[in-house]
Amino acid sequence: MKNLYSHTLCKNDMPFTDLVLRRTEPYVDGMFITISKKSTDGTMQIVEKFAKEFKHKVDLHYEDVALPEELTKERQRQLDLTPLGAWVLFLDLDDFWLEESLK
C-alpha cells in the first residue's frame, strides 16, 4: 500500500468537511482527525458520521485547548500515532486535492 496517513485538525470547517474527507479517503491508509469541542457549525457531526462509516481508517480525537498555540500538542499526538516511516499528508478541511495530486 501507499503508507500515507492524513492528519487533520478541524473546527467550523463547513461546508467543505465531508467533500474533502471523502476525496482523500481512498488514497490514504489511515486518517487521524482531531475535532475541536468548540466547533459550532455542524463539522463535529459530519466528522463523527464519516468516522463511523470509515472506522477501519479513521482515528478520531477531540480537543478543547485554551490557546491556539496548544494545538501543536495535537499535531504531535497525531505524529506519535503514525506508523514509523509513513508519509504524512497534513490535510486542512479547506484543502481540496485534485485526484491527480493525490495519486
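First, a word on scope: everything that follows refers to the structure included in this document. Numbering of residues starts from 1 in each chain and follows the order in which that chain's sequence is written. Local features in a predicted model are, by the rule used here, given only for residues with pLDDT of at least 70; side-chain atom pairs are given and counted only at 80 or more, and totals for whole chains, interfaces and linings are based on all residues. Only hydrogens and water are set aside; all other atoms, that is, all heavy atoms of the structure, feed into the side-chain values.

The next subject is the pattern of salt bridges. Definition used for salt bridges: Asp or Glu carboxyl oxygen within 4 Å of a side-chain nitrogen of Lys or Arg. For the structure on display, the rule yields seven salt bridges. Asp64 is the salt-bridge partner of Lys38, the closest N and O atoms lying 3.3 Å from each other. Residue Lys38 is found in the loop between strand S2 (30–36) and helix H2 (43–53), and its partner Asp64 is found in the loop between strand S3 (58–63) and helix H3 (71–81); the two are separated by 26 residues along the sequence. Shared partners join several salt bridges into a network, and the residues in it are Asp18, Arg22 and Glu53. Going along the chain from the N terminus, every DSSP run of H or I of four or more residues is numbered as a helix, and every run of E of two or more is numbered as a strand.

The next thing to look at is the nonpolar core. Among the nonpolar cores identified, the biggest contains 19 residues, and Leu21, Met31, Ile33, Phe50 and Val58 are the most heavily contacted of them. Only strand S1 (4–10), helix H1 (17–24), S2 and H2 provide two or more residues apiece to this core. At four residues, H2 tops the list of elements feeding residues into this core. Contacts are residue-level and defined by heavy atoms, with any inter-residue pair within 4.5 Å sufficient. Ignoring any residue separated from it by four or fewer positions in sequence, one finds Val58 in contact with Met31, Ile33, Phe50 and Ala51. The nonpolar core is taken to be a set of buried Ala, Val, Leu, Ile, Met, Phe, Trp, Tyr and Cys residues, with the residues joined through side-chain atoms within 4.5 Å. Classification of residues uses two cut-offs on accessible area relative to the type maximum, computed with a 1.4 Å probe and protein chains only: under 20% is buried, over 50% is exposed, and between them is partly exposed.

Note that Phe16 resides in the loop between S1 and H1. Between the alpha carbons of Phe16 and Asp92 there is a distance of 9.9 Å; along the sequence they are 76 residues apart.

Here we come to H1. Taken residue by residue, H1 has Thr17, Val20, Leu21 and Thr24 as its buried positions. Each buried residue of H1 sits inside an arc of 95° when the element is viewed along its axis, so together they form one side. Of the surrounding secondary structure, the elements contacted by the buried residues of H1 are S1, S2, H2, strand S4 (87–90) and helix H4 (99–102). Directions are taken from the helix axis to each C-beta atom, and the arc is the one they span.

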